[in-house]
Amino acid sequence: MSLLPTRSPGTLVLSTLMALMCLPATALAQGFSAFVSPPRFEAKLTPGKPTRLIVEIQHVGTQPGAYRFYTNDWTLSPEHAVSFTDALVPGSCRPWVAIERRELTLNPGNRYRYRFEITPPANTPAGECRFALMVEGRDAAQVQGPVPQVGGRIGVIVYASVGDASPDLSVTGSRVIVREGKPLAVIDVRNNGLAHGRLDGVVDGTDASGKKIELAPADLPILPNETRRISLNPVAAAGLPAPDLRFPLRVTGQLESGNQRVPLDLQFSAP
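Described in the following lines is the structure provided in the data block. Since this is a predicted model, take the numbers as computed values, not measurements.

### Concerning the overall build of the chain
Looking only at helices and strands, the chain features one helix and 20 strands. A burial count over the chain gives 45% of its 271 residues as buried. In the chain, 66% of the contacts between residues at least 6 apart in sequence involve partners at least 24 apart. Surface accessibility of the chain: about 13,300 Å² in total, with carbon and sulfur atoms responsible for 51%.

In C-alpha cells:
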C-alpha cells in the first residue's frame, strides 16, 4: 500500500501527561473513544531510507467511531505544556513523513494497526526529527452532515534520530521550589547534543533529620540546545505515599541518559 504525504489542519494544546509520558494514551470525549498505543516513538533513521512505524488504535465506544489523521509540529513550554501547530516550523521534518490514510471508521471493539513512514533525504546530517501524529475523532453519526463535528484528539509524539545523533546532558544549576504547598528539589539540565535526552535512575537523599530518601528525576525530555527544569521526586515504597522532604537536603549519586552518566553531589537549602 502506498502512503500519503501529510498535511495537517488546526492548532491544539494538550497536557504533557497525555502526549509525552510513557503510559498508553486514551481519550474519551464526544466523538472520540479510543485507546492509542504506543503514545511515543523513539526511532533511528538512516538518510535516504524509509523507516516504517505502526500505532495501534482500539475503538472502545459503543457506536462506530470515525477518525482522521495528520501531522503537527510541537513545542514544549518551560511549564511542560506541549503545544501543537499545523504551521511548519523552521527545520520541520514533516515533509519527510507519509501516512497510510487520512480517515478511518472503526466498529465498536475493533483494533487497527495504522502505518506511517519517515524518509530523511540522502544528504541529511546527523540530528533529530520531531513531530506528532495526530489522531482526531469525529462523531460517526454526523460525519455525513453539512458540518462534521470534531471530538477529542491525541498527539502521538515521534522522536527520530538521524545518523549518530545523541544527547549530551549536564547539570547547570539546582534550587528548591514550592509546588502545591510542598518544597521540591529541582535541577537545571542542559542538552548540548543533537538529540533529546531523558534522565533515568535513582539517587540518594539525606534530609535535615538524617533520614535516607531515594529520589527519581521527572520523566521529561530535554531537547537539543535546551535547558530544562527537572524535579527530583521522592520514591514511594510499595503501597505507601511518597515521603515529605525536610530541608536542607543532600543528594548524591548518578543518573543515566542512555550510555551517559550524570553525577550529582548537591546541597538543597530550605526554601
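Having seen the model, we can carry on.
### Concerning the state of the cysteines
Counting across every chain of the model gives one disulfide. Each sulfur in the disulfide pair C93 and C129 lies 1.8 Å from the other. Measuring handedness by torsion sign, the sulfur bridge of C93 and C129 sits at about 65 degrees and is right-handed. On the criterion of sequence distance, the pair formed by C93 in the loop between strand 8 (82-85) and strand 9 (97-99) and C129 in strand 12 (residues 127-139) is long-range, its members being 36 residues apart. Accessibility classification places C93 together with C129 in one group, the buried group.

### A few points about the packing of aromatic side chains
In the structure shown here, the tally under the stated rule is four aromatic pairs. On the numbers, 4.0 Å between centres and 15 degrees between planes, the contact of F69 with Y114 is stacked. One end of the pair, F69, is in strand 7 (residues 65-76); the other, Y114, is in strand 11 (residues 111-118), with 45 residues separating them in the sequence. For the ring pair W74 and Y159, a centre distance of 5.8 Å and an interplane angle of 85 degrees mean the geometry is edge-to-face. Of this pair, W74 sits in strand 7 while Y159 sits in strand 13 (residues 150-162), and the two are 85 residues apart along the sequence. An identical accessibility class is assigned to W74 and Y159; each is buried.

### So, the sheet that holds strand 18 (residues 226-234)
Judged by pairing direction, the sheet is antiparallel, and its seven strands sit side by side in the order 14-15-18-17-16-19-20 without closing on themselves. Looking at strand neighbours, the two that pair on one side only are strand 14 (169-179) and strand 20 (260-268), the edges of this open sheet. Averaged over neighbouring strand pairs, the angle between their axes works out to 25 degrees when direction is ignored. For strand 19 (residues 249-257) and strand 20, the ladder comprises nine bridges, and the chain directions are antiparallel. Counted as the bridge partner of V251 is L266 from strand 20.

### Topic: the side chain of E226
In this structure, E226 sits in strand 18. Judged by its relative accessible area of 14%, E226 falls in the buried class. Polar side-chain contacts of E226 include one of 2.8 Å to the backbone nitrogen of L223. Side chain to side chain, E226 and R228 meet in a polar contact 2.9 Å long. Beyond its immediate sequence surroundings of up to four residues, E226 is in contact with L76, V189, R190, N191 and P221.

### Observations regarding the pattern of salt bridges
Per the counting criterion, the structure on display carries 16 salt bridges. Of the charged contacts, one joins E42 and R198 as a salt bridge, the two residues approaching to 3.7 Å between their closest N and O atoms. Highlighted residues: E42 in strand 5 (residues 40-45) and R198 in the loop between strand 15 (182-191) and strand 16 (203-206), separated in sequence by 156 residues. Its relative accessible area of 52% is what places E42 among the exposed residues. With relative accessibility at 12%, the residue R198 sits in the buried group. Because the salt bridges share partners, they merge into one network encompassing R40, E42, R198 and D219.

### Overview of the pairing of strand 7
Of all the 12 residues making up strand 7, 10 are buried; the element is thus mostly covered by neighbouring parts of the structure. Alignment of strand 7 against strand 8, held across four bridges, turns out to be antiparallel. What sits directly across from T75, in strand 8, is S83. The antiparallel hairpin formed by strand 7 and strand 8 contains five residues in its connecting segment, where H80 sits at a positive phi of about 70 degrees.

Reading the values: the criteria
- Per chain, residue numbering runs from 1 following the sequence as it is written.
- Since the coordinates come from a predicted model, pLDDT governs what is reported: local features require at least 70, and pairs of side-chain atoms require 80 or more to be given and counted, while whole-chain, interface and lining totals use all residues.
- Side-chain measures were taken over the full set of non-hydrogen atoms in the model, leaving aside hydrogen atoms and water.
- Under the scheme used here, helices are H or I runs from DSSP no shorter than 4 residues and strands are E runs no shorter than 2 residues, and both carry numbers assigned from the N terminus.
- Buried means the residue's accessible area, taken with a 1.4 Å probe over protein chains only, is under 20% of the maximum for its type, while exposed means over 50%, and partly exposed covers the values in between.
- Residue contacts follow a heavy-atom distance rule, with two residues in contact if any of their heavy atoms lie within 4.5 Å.
- Here the open area of atoms and residues is found with the Shrake-Rupley method and a 1.4 Å probe, where only the protein chains shown may cover a residue.
- Criterion for a disulfide: a pair of cysteine sulfur atoms within 2.5 Å.
- Any two of the Phe, Tyr and Trp rings considered here, Trp counted by its six-membered ring, make a pair once their centres fall within 6.5 Å; the pair's planes then place it as stacked at under 30 degrees, edge-to-face at over 60, or tilted in between.
- At least two DSSP bridges between two strands are required for those strands to pair.
- Fitted lines through C-alpha atoms serve as axes, helices being fitted only where they are in contact, and the angles separating the N-to-C directions of these axes extend from 0 to 180 degrees.
- Under the rule applied, a polar contact is a pair of N or O atoms within 3.5 Å (in protein, one hydrogen donor and one hydrogen acceptor; residues adjacent in sequence only if both atoms are side-chain atoms).
- One side-chain nitrogen of Lys or Arg within 4 Å of one carboxyl oxygen of Asp or Glu is enough to make a salt bridge.

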